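Chain and residue survey
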Amino acid sequence: MIRFIISRILQSIGVMLAVGLIAFALFTYVGDPVNNMLGPSASTDDRARLRTELGLDDPFLVQYARFIGRAVQGDFGLSYQYARPVIDIVAERLPATAELSLVAVFLALLVGIPMGIYAGIRPRSWLSKLFMSVSLIGVSLPTFFTGIVLIVLFAIVLRWLPPFGRGDVVMLGWWSTGLLSWSGLKSILLPSVTLSLFQMTLIMRLVRSEMLEIVRTDYIRFAQARGLTSRAIYFRHALKNTLVPVITITGLQMGSIIAFAVITETVFQWPGLGLLFIQALNFGDIPVMAAYLVFVSLMFVAINLFVDILYFVVDPRLRSGWT
Amino acid sequence: MHDGPILQVENLRIEIPTRHRTLVAVDDVSFELARGEVLGVVGESGAGKSLTGAAIIGLLRPPGRIAGGRIWIDGKRVDNLSQAEMRKVRGRIAGAIFQDPMTSLNPLFTVGQQLVETIRTHLDMSRAEARARALSLLAEVGIPAPEQRLDQYPHQFSGGMRQRVVIALALCANPKLIIADEPTTALDVSIQAQIIALLKRLCHEHGTAVVLVTHDMGVIAETADRVAVMYTGRIAELGPVAEVVRAPRHPYTAGLMASIPAIGETRDRLYQIDGSMPRLTNIPQGCPFNPRCPAVFDRCRRERPETVDLGGHRVACWKHGEQEA
Amino acid sequence: MTDQGLSRWAAFWNSDILYEFRRSPLAIVGFVVAGSLILSALLAPILAPYDPYDASGIDLMNGLIPPFWSDGGNMTFPLGTDNQGRDVFSGILYGLRLSLTISVSAVLLSALVGTALGLVAAWVGGWFDSAIMRLADIQLSFPAILIALLVDGVARNVLPQEQHASLAMPIVILAIAISGWVQYARTVRSIAMVEKGKDYVEAARLIGVNPVTIAMRHILPNATGSIFVLGTVHLAIAILTEATLSFLGLGMPPTEPSIGTLIRIGNDFLFSGEWWITILPGVTLALLVLSVNLLGDWLRDALNPQLR
């Protein structure tokens, strides 16, 4: 068990170093930092001095090591766009994205799993067929279009909910939360529904197909032959067995949610990391792009690690294999 | 309380609709089972024996369905019960044991959790009482050190031990009838005999009737009181096991018997029946066995044989039909 | 029609795949909708009343006319106009054409690269195989849309400004295709592994048949069904990705608007009430993706290849 976790951690570090390399390559070869800092009119001497000061003449590996060393301390330099430390901007934007993503995942699981269970247990009922049809529409609607339609409907026509922004936020230390004010809660509703819709349908379809498969297994048949109640069979025996793939997909979907948050944040002008990233892409703000890349990869790697560990909690066969 | 037969099956017909046509997988199957009796059901794979067993406890896999006939368990008509009503029969009055003990147990729950859950579903017991009963059941099915084994997961048991757990699970609520579908097929040969002996002893002690589905005539000869031989979804012959083994009336049964070597016998070649059982999609006209039958005559190719009762020994063969007629 | 022709037609009509098709109303709907959208995209220059690339045909006086069924709308501009007086209907047709060109190219590119990598990985094995599969694993843990965003964003920053417009299309195709090869490579590899072990392939190898010939003749035909299903599903994703990139301002420029660009342009007019500029292209996009997904779902069930 411990050996397994250590090997996974080493693997994660490997992936992060590779991502760091890409981010570093962005820094070094895309755009010219000297140009960015001094402007095109600076003299050749000034440029050379700055190059040396910045260590741009050092060998590749030295520069890479220095980049990694700084990144580990959270130092990604100054944003070209805001002329402030990138890490400060990221810290400011992080709570908005984190809250949006978590609420979306929560919604997706809360709605997707029960729908999937139902559709898996009663595949022939009209409600299951309705779920399946709706889910197909769900995966076919582009996230940004879902957002637009929801804005038109609930913000413009009905005027129930705000069309953009986070509403009022409350500061908890450095963390700004929108979940403690009425306008904040109203504001997060549309973007989180938009963001979760796609994942919700994916989770529903996955749980359904797993359920369909598990309901056909011998141990469910034997459980039926023993006269266990439907509730025990479906919600205890079958559900626990669907958990393993659901955990995997949810983990992978967390990554997806962070990626799709970019789109949702753009549609709703949600002041999070995704919007920051899109602005950086359009502005050519390389330090912010690199920091976002490293940050998002770190999230993915952490989630994958967490998922691997969760397997042990759920599946006793793995536990005994590693002790 | 009903004191007739524990199980009655009357003209059971099972159909499997497919894309092109509806297959008749079991047709006109009738038999009775007395309390505490062991009925062996033997036949090649595809003969409909497992489907018959599944139909009795209401666990036919869709799209298979009961298309005709009636089934009574303990005097209660069950073929038309809803799943919810059937659930009250299963486990309590009629239980089942399946072929593969490796897949019959849920891998994510301990043996004890599965036992306690089953016991408490059927008997009004506290958790502690149910655990005590689970322990005694494990001991009864011959699992050593049940105290420690109770909290282990199925993957920590060997195949034979798992099948013992499965038997314990089937016996949780003391059912009066058990459908055992190929209970030893997936096990090592050396363990098969132990499991059969265990099943036989337990059912004798508890007075449980058993429908023992198998393709192994040897197991039946050793265990069953009566035997039903199935061929292409129909009962070819049904009678007391000693009679059927010693003096088979149906040419198919005769062929089956001749293909089993007796102990101490040395033969250069075992007898084998020519050809193989037809698929359900092209059952021949007349007697389904006629293309392979050594005693075939004209009528067999034209008409399906009626079942003839020769004093507690039923045969579906024109050889015997003509004697009566 | 001759008897033989008739019976061949009957055999085709009764084949399993068409049997499934006739039995599935959703597949038929998907086929009809996707077919007519693709056809109208192909015929855009003939069907469209105006040429959206021709600036001289635009009159600002015709700006913001609503669709014909609303007050103030007329049949000159059946689906209304945008703020610059461009015909929304023509824009949608040409946008569809552009979106489909990009996504079909991206799908073909990924399918080609993925299939080739999968075949070679299965054939060569060893370190090459494990390197490819490891790369696939890592790439799979990053969402396709993020990879597309990055590739597109970086390409923009590397290339000089003046080349952006002319290179926009190849960049978008590459950005979409780059994350797509994984599925093809994995599927083709696993099928090739199975076939490779079979006697007839072994025999062909022993008598010295060229590996490329073996792959083409014996292994690929076994994989076509799966590749086809993957391709259909991937097409839906590619269309969505292209639209998303364009919507975020990273895909096709306003001078050459794809469906996503149209939605982006229209998004600015949402609050002033000109909903048609964004909603109508959006509905078209959703219909296209939905119908392709319907076809993909049906194909997967009908061909039932080894797909997860």
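Residues numbered from 1 in each chain as written. Chains lettered and ligands numbered in written order. Predicted model: local features only at pLDDT ≥ 70, side-chain atom pairs only at ≥ 80, totals over all residues.

**Some points on the overall build of chain B**
Stated precisely, the cut-off is as follows: Only DSSP runs of H or I reaching four residues or more are called helices, and only runs of E reaching two or more are called strands; each is numbered from the N terminus. Based on C-alpha atoms, the radius of gyration is set beside the globule rule, defined as 2.2 Å times the residue count to the power 0.38. Think of it as a crowd count around each C-beta: if 20 or more other C-beta atoms lie within 10 Å the residue is buried, if 12 or fewer it is exposed, and in between it is partly exposed, with C-beta placed from the backbone throughout.
A count of helices and strands for chain B gives 13 helices and 12 strands. On C-alpha atoms alone, chain B measures out to a radius of gyration of 21 Å, which is about the 20 Å that the 2.2 N^0.38 rule sets for 325 residues. In terms of overall dimensions, chain B has C-alpha extents of about 70 × 50 × 40 Å along its principal axes. The proportion of buried residues among the 325 residues of chain B is 43%.

**Focus on the overall build of chain C**
The condition is simple: Contacts here follow a simple rule: the backbone-placed C-beta atoms of the two residues must lie within 7 Å.
Helix and strand content of chain C: 13 helices and zero strands. Listing every helix and strand of chain C by position from the N terminus yields α-α-α-α-α-α-α-α-α-α-α-α-α. Intrachain contacts of chain C at a sequence separation of at least 6 include 70% that bridge at least 24 residues.

**Notes on helix H5 (residues 88-124) of chain C**
This is how the line gets drawn: Given a helix with a known number of residues, its expected span is that number minus one, times 1.5 Å.
With 37 residues, H5(C) should reach 54 Å at 1.5 Å per residue; the first-to-last C-alpha distance of 53 Å fits that figure. Judged by how many residues are buried, H5(C) sits mostly within the fold: 26 of 37 residues are covered.

**Structural notes on the packing of helix H7 (residues 159-171) of chain B against helix H8 (residues 189-206) of chain B**
Residue and element names in this part refer to chain B. Put simply, the test is: In this analysis, axes come from line fits to C-alpha atoms, helices being fitted only over the stretch in contact, and the angle between any two N-to-C directions falls in the range 0 to 180 degrees. When an angle is under 35 degrees it counts as roughly parallel; over 145 it counts as roughly antiparallel; between 65 and 115 it counts as roughly perpendicular; any other value is oblique. Helix crossings fall into two classes, left-handed where the near helix is turned counterclockwise from the far one by less than a right angle and right-handed where it is turned clockwise. Each residue gets one label: Ala, Val, Leu, Ile, Met, Phe, Trp, Tyr, Cys and Pro are nonpolar, Asp, Glu, Lys and Arg are charged, and the others, such as Gly, are polar.
Orientation of H7 relative to H8, taken along the N-to-C sense of each, is 15 degrees, at an axis distance of 10 Å. Classed by the angle they form, the pair H7 and H8 counts as roughly parallel. The handedness of the crossing between H7 and H8 is right-handed. Contact residues: Gly159, Gly160, Gln163, Arg164, Ile167 and Leu171 in H7; Ile191, Gln194, Ile195, Leu198, Leu199, Leu202 and His206 in H8. Class assignment of the residues belonging to the contact of H7 with H8 gives a composition of seven nonpolar, five polar and one charged.

**Section: the interface of chain C and chain A**
Contacts between the two partners involve 33 residues from chain C, matched on the other side by 30 residues from chain A. The greatest single-element share of the side of chain C that touches chain A, amounting to nine residues, is contributed by helix H13 (residues 276-303) of chain C. Taken together, the residues of the side of chain C that touches chain A sort by class into 23 nonpolar, nine polar and one charged.

**Some points on the sheet that holds strand E3 (residues 38-42) of chain B**
For clarity, the cut-off: When DSSP finds at least two bridges between two strands, those strands are taken to pair.
The eight strands lie next to each other as E6-E7-E8-E3-E9-E10-E12-E11 (chain B), forming an open sheet whose pairing is mixed. Both outer strands of the open sheet, strand E6 (94-97) and strand E11 (308-309) of chain B, are each paired with one neighbouring strand and no more.

**Notes on the sheet that holds strand E5 (residues 76-77) of chain B**
Residue and element names in this part refer to chain B. Ordered by their spatial adjacency, four strands build an open sheet running E2-E1-E4-E5, and the pairing between neighbours is antiparallel. Single-partner strands in this sheet number two, and they are strand E2 (22-33) and E5. Relative to E2, strand E1 (residues 7-17) is paired through eight bridges, and the arrangement is antiparallel. Within the sheet, the bridge partner assigned to Leu7 lies in E2 and is Leu33.

**Examining the environment of Leu150(B)**
Residue and element names in this part refer to chain B. When you line up the elements, Leu150 lands in the loop between helix H6 (146-149) and H7. Judged by C-beta crowding, with 18 C-beta atoms within 10 Å, Leu150 ranks as partly exposed. For the pair Leu150 and Leu12, spaced 138 residues apart in the sequence, the C-alpha separation amounts to 40 Å. Ignoring anything within four residues of it in the chain, the contact list for Leu150 reads Val111, Gly112, Ala134, Leu135 and Leu138.

**Digging into the environment of Ile203(A)**
All names here are of chain A. With respect to the helices and strands, Ile203 occurs in helix H8 (residues 182-215). Look at Ile203 and you get buried, because 25 C-beta atoms sit within 10 Å. For the pair Ile203 and Phe222, spaced 19 residues apart in sequence, the C-alpha to C-alpha distance is 27 Å. In contact with Ile203, not counting residues within four places along its chain, are Ala108, Leu109, Gly112, Ile113, Gly116, Ile249, Thr250 and Gln253.

**Some details on the confidence of the model for chain C**
The predicted coordinates should not be examined in detail at positions where pLDDT is low. All names here are of chain C. Stated formally: Summary of the metric used: pLDDT quantifies the predictor's per-residue confidence within the range 0 to 100.
Within chain C, residue pLDDT values average 80, and 86% of them lie at 70 or more. Summarising per-element confidence for chain C, the mean pLDDT is lowest in helix H1 (residues 3-14) (62) and highest in H5 (90). At the level of chain-chain contacts, confidence expressed as ipTM amounts to 0.85, with global pTM at 0.76.

**Considering the nonpolar core**
Applied cut-off: Remark: nonpolar core denotes a set of buried Ala, Val, Leu, Ile, Met, Phe, Trp, Tyr and Cys residues whose joining runs through C-beta atoms within 7 Å. Residue ranges assigned to the domains are those given by an automatic or database domain assignment.
If you look at the biggest cluster of nonpolar residues, it comprises 253 residues, and the most contacted ones within it are Val211(B) and Leu212(B). Three or more residues apiece are contributed to this core by two domains, here domain 1 (1-81 + 284-323) and domain 2 (86-268) of chain A. Every residue in contact with Leu212(B), bar those within four places of it in the chain, is listed here: Val38(B), Leu39(B), Gly40(B), Val41(B), Ala180(B), Ile220(B), Thr223(B) and Ala224(B).

**Focus on the arrangement of the chains**
Most contacts, compared over the two pairs of chains touching, are made between chains A and C. Note that chain B does not reach chain C: the shortest distance linking a C-alpha of one to a C-alpha of the other is 10 Å.

**Considerations on the packing of H5(C) against helix H8 (residues 164-177) of chain C**
To describe two helices that pack against each other, one gives the angle between their axes and the distance between the axes. Residue and element names in this part refer to chain C. H8 packs onto H5 with a crossing angle of 50 degrees between their chain directions and a minimal axis gap of 8 Å. Between H5 and H8, the crossing angle belongs to the class labelled oblique. Seen from above, H5 lies across H8 with right-handed handedness. Within the contact between the two elements, H5 uses Ile102, Ser103, Ser105, Ala106, Leu109 and Ser110 and H8 uses Met169, Val172, Ile173, Ile176 and Ala177. For the contact of H5 with H8, the per-class residue count stands at eight nonpolar, three polar and no charged.

**Some points on the interface of chain B and chain A**
The figure often quoted for interface size is the accessible area lost as the parts come together. Tallying the contact residues gives 25 residues for chain B and 20 residues for chain A. Counting residues per element, the ones that place at least two in the side of chain B that touches chain A are E6, helix H3 (101-104) and helix H4 (111-122) of chain B. Here the side of chain B that touches chain A takes four residues from H4(B), the largest share from any one element.

**Looking at unusual backbone geometry**
Located in the positive-phi region is Arg159(A), a residue other than glycine, with phi close to 55 degrees. Here Arg159(A) shows up in the loop between helix H7 (143-157) and strand E1 (170-172). Even without glycine at this site, Asp74(B) takes up a positive phi of about 55 degrees. Secondary-structure assignment places Asp74(B) in the loop between strand E4 (65-73) and E5.

**Overview of the pairing of E1(B)**
All names here are of chain B. Relative to E4, E1 runs antiparallel, the two sharing seven bridges. The partner of Leu7 across the bridge, within E4, is Ile73. Between E1 and E2, which pair antiparallel and follow one another directly, the connecting turn spans four residues.

**Here's the deal with the environment of Gly35(C)**
Residue and element names in this part refer to chain C. Tracing the sequence through the fold places Gly35 in helix H3 (residues 25-42). Classification of Gly35 as exposed rests on a count of 12 C-beta atoms within 10 Å. Between the alpha carbons of Gly35 and Arg189 there is a distance of 32 Å; along the sequence they are 154 residues apart.

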